[in-house]
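# Coordinates in review
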Amino acid sequence: MQTRSFAKRTKLPSTNESLIGSEQARLVIPDLAGAICLDDTSFARSLYHSLASESSIDMFLKKSRSYSTKERRWKLPRNCTRLFDCDFYTPVRNVVSSILNHFWKDATTQGKRQVVDTHATDLQHSEVDPTTHHSRPSLVIKAEGPSFQIPLLKSGENPAKIGYSNAASCIEVRMEGDELPVDEQLARIAIHASYSFTSQIADFGAQYTPPLDIHEDPHTFVRLILGLSSPHESDIGLDTSIRWMILNGRKAGGALMMRGADNSESLYPLLRLEPFFCRSSISGRSTTCWSVLDKRTDEELLVKSSWRSEDRTSEHIYLQEAVGVAGVVQMVSCEPDRAQTKELRGFGDAIPKNFHNRIETRVVIKRYGKPIVDFASPKEVLCALRDAIAGHMALGKKGTIHRDVSTQNIVFGKPGAKPGNRGVLIDFDLATHFRPDGANPPADCKIGTRLFQSAMVLCSGTTSHPLPHSHIDDIESFFYVLTDIIHAYDQRGVLRSLGSELKIWNEYDGRRLGLLKRAFLMDEPIPENIASRWPKAFMDVFYAFRDFLEPISRQNVLFSQRKPEVRAKYWKVMVLSSANHYNSVLRIFDEGIAALEGAEAEEAAVGRPVSSPPPPVTPAYPPLTPRATLKRSCEEGHDLQPPLKRPKTPRPVRIRHDLHPTPNLRGR
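Report follows, based on the coordinates. These numbers were taken from a predicted model, which means no experiment stands behind them.

## Structural notes on empty space enclosed by the protein
All chains considered together, the criterion is met by two cavities of 30 Å³ or more. Taken as a whole, the largest cavity holds about 110 Å³ of empty space. Taken together, 12 residues make up the lining of the largest cavity; nearest its centre are Arg285, Ser306, Arg308, Glu315 and Asp429. Of all the secondary structure elements, the ones that give two or more residues to the lining of the largest cavity are β16 (299–309) and β18 (358–366). The greatest single-element share of the lining of the largest cavity, amounting to three residues, is contributed by β16. By residue class, the composition of the lining of the largest cavity is no nonpolar, five polar and seven charged.

## Regarding the nonpolar core
Burial of nonpolar side chains together is a common tendency in soluble globular proteins. By size, the foremost hydrophobic cluster in this structure holds 91 residues, and its most contacted members are Ile372, Leu482 and Phe545. Examining the composition of this core, we find that 12 residues originate from one element, helix α15 (residues 536–559), more than from any other. Ignoring sequence-local partners within four residues, the contact set of Phe545 consists of Ile475, Phe478, Phe479, Leu482, Val585, Ile588 and Phe589.

## Quick look at the sheet that holds strand β13 (residues 265–269)
Ordered by their spatial adjacency, three strands build an open sheet running β11-β12-β13, and the pairing between neighbours is antiparallel. Only two strands of the sheet have a single partner each, and these edge strands are β11 (242–247) and β13. Looking at each pair of strands side by side, their axes are set apart by 25° on average, direction ignored.

## Side note on the pairing of β13
Taken together, the five bridges between strand β12 (residues 250–259) and β13 define a ladder with antiparallel strand orientation. Residue pairing across strands places Leu256 opposite Tyr268, the latter belonging to β13. Linking β12 back to β13 in an antiparallel pair, the connection comprises five residues, with Asn263 at a positive phi of about 70°.

## Comments concerning the pairing of β16
Among the 11 residues in β16, nine count as buried, and that is most of the element. In this structure, strand β15 (residues 288–294) lies alongside β16, joined through seven bridges in antiparallel fashion. Opposite Asp294, over in β16, you have Glu299 as the bridge partner. Between β15 and the antiparallel strand that follows it, β16, lie four residues; Asp298 among them carries a positive phi value of about 60°. Taken together, the nine bridges between β16 and β18 define a ladder with antiparallel strand orientation. What sits directly across from Ser305, in β18, is Arg362.

## What to know about the sheet that holds β18
Here five strands make up an open sheet; going across it, the order is β14-β15-β16-β18-β17 and the pairing antiparallel. Taken across any chain shown, the strands that pair with only one partner, and hence form the sheet edges, are β14 (277–278) and β17 (331–335).

## Topic: the pattern of salt bridges
On inspection of all chains with the given rule, the structure shows 30 salt bridges. Across the salt bridge formed by Glu54 and Arg223, the nearest N and O atoms sit 2.8 Å from each other. Residue Glu54 is found in helix α3 (residues 54–63), and its partner Arg223 is found in helix α6 (residues 218–228); the two are separated by 169 residues along the sequence. Between Glu300 and Arg367 there is a salt bridge, with the nearest N and O atoms lying 2.7 Å from each other. One end of the pair, Glu300, is in strand β16; the other, Arg367, is in the loop between β18 and α9 (378–397), and 67 residues separate them in sequence. Residue Glu300 is classed as partly exposed on the basis of its relative accessible area of 27%.

## What to know about the packing of aromatic side chains
Taken as a whole and assessed by the stated rule, the structure comprises 20 aromatic pairs. Taken together, a centroid distance of 5.6 Å and an interplanar angle of 90° make the contact between Tyr480 and Trp505 edge-to-face. Taken together, the residues Tyr480 in helix α11 (residues 471–488) and Trp505 in helix α12 (residues 500–505) connect sequence positions 25 residues apart. Neither Tyr480 nor Trp505 differs from the other in exposure class; each is buried. Taken together, the ring pairs connect Phe479, Tyr480, Trp505, Phe520, Phe542, Tyr543, Phe545 and Phe589 into an aromatic cluster. The ring of Trp505 carries the charged tip of Lys517 above its face, separated from the ring centre by 5.4 Å. Its guanidinium or amino end placed over the ring of Phe559, Arg562 lies 5.1 Å from that ring's centre, counting from NZ or CZ.

Calculation notes
Residues numbered from 1 in each chain as written. Predicted model: local features only at pLDDT ≥ 70, side-chain atom pairs only at ≥ 80, totals over all residues. Heavy atoms only, no water. 1 Å grid on protein atoms, 1.4 Å probe; cavity = no way out; pocket = protein on both sides within 12 Å on 5 of 7 lines; lining within 4 Å. Points joined across faces, edges and corners; volume = space filled by probe spheres on them. Helix = DSSP H or I, 4+ residues; strand = E, 2+ residues; numbered from the N terminus. Nonpolar A, V, L, I, M, F, W, Y, C, P; charged D, E, K, R; others polar. Core = buried A, V, L, I, M, F, W, Y, C linked by side-chain atoms within 4.5 Å. Buried < 20%, exposed > 50% of the residue type's maximum accessible area, 1.4 Å probe, protein only. Contact = heavy atoms within 4.5 Å. Pairing = 2+ DSSP bridges. Axes fitted to C-alpha atoms, helices over the stretch in contact; angles between N-to-C directions. Salt bridge = Lys/Arg side-chain N within 4 Å of Asp/Glu carboxyl O. Phe/Tyr/Trp six-rings, centres within 6.5 Å; stacked < 30°, edge-to-face > 60°. Lys NZ or Arg CZ within 6 Å of the ring centre and 35° of its normal.

So, in structure tokens, the structure goes:
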């Protein structure tokens, strides 16, 4: 919230330096691009009427020492000339405190909310990660309750009474004549919201009203303060389905509530106090993943909450279709359509044109192993890819295309997993239904993870009539997963320097990257310093996979430039050949796995180590070179797996945009 004192003076003290251009602002400003400015203050006037009636506010205003009924204004200074040290925070804090003390005075709420002057106090942005970033909101509503905890103490430090972890709301106070531009105001409030409600609040974007005169409309001002300080945590935007246990002021445990189709409640104890994945942004899917315990089976499960665009099919639909399919993540239960952002914005029937509604879905899924890049042997890689491809094939028969195959969306099965579940395909947020005999939307280069997108999908942004995204595009993505692993790791799973080919891929997107991949699929050999890291049988799989893909990918790119009526016959043949395509690829992997197992048997027979490493290779580039990320830009990174135990350099930023289906050709 931002308040303005109606004081004027010739020279005003600067209360804060501009945030625009700072690193903190750069993180939130892109999410504010769709901020909605309401036409008037009617939305603000409509809020929180259940917290205080008109008559109760009238009674408060008559009795309050902070409000003058005679002058019909709050007792705030008209100028700063007589204020000690130009301190205009204290008068505003006194007004806000008087509202809280009057309305939150019963036994259950008294003392649970306090106004703290923080204009000179550093509120650290993170308790866990070492960081120098901090903010100084003018005032903070300090809170006690199930979702709040005192700031984490570090050894040798004095206890801090206030931090983002126990802040219900932040208030910025400015002098008239020293107002900030709207984008600066939004950036400040967005930073406060991001760190106050990390892993708790849904990211609905920004919405703001024109300025409201708190003297002319004291009733609305009182209700806004009550709403921002409400002891009812749902009023301030907290997810009350997560129920916390507080011990000595800190969270000591909790449980997550799921509601069934019959409205019954199921509680899953949290195995960790923090989500292992949380997409903290002001707009977007706001994906959050928790590790929980199924008390009936004593099994660890994952709960994933996310807000999808209204025009996108919910992930739980694809997960329902995948029940019983080996090599694909299995859903235990779901709670679809938990809430919609349009219902929380107060639009009524007049929804703004630039507003995009989002719907919350929560799913409970099985927990599997680590991402495929956390492997220990070449055989593990081939087995995981093979079973994930087989799972993809089974889903394809049901009409589902994944559209975001990547290293982060393929995980190992549970320890001791049988063939079929040694690798598992997860994260169906960007999936779509594919109709072999019907019309399918064209491929969209904005959907998927750039480093792993097929050449045709990458070129679709500059193509008049791109083919739909089909199974062959996802198969090509599996190939780039294998390519990425070969270039970035050695056979023991140790991260090495990235090969020059993939370094170039990290620098481009769209058609240029698509053409680079087309050239790569032709005859370029893998540099010896990279290929020598891997067993010959493993590299044979890579080359056979590439030989299979090259003619199909080439024709896909070619026919995507033809008009739909010209390529109709080609498209029909390619779609009908899907089973042959999958079987050809699975045969390549089966032969490669058998060759590796044969080599292991020979080594064991002659008494050598089962996995004797190749001679040391001097890398062409220094090891552990950080990789620029190419992860999806507008949505979340990998949602379902915890951080890797082994320290690794940053993985590529997978720019995941939004996409549609693409084509496929003949088998080999």
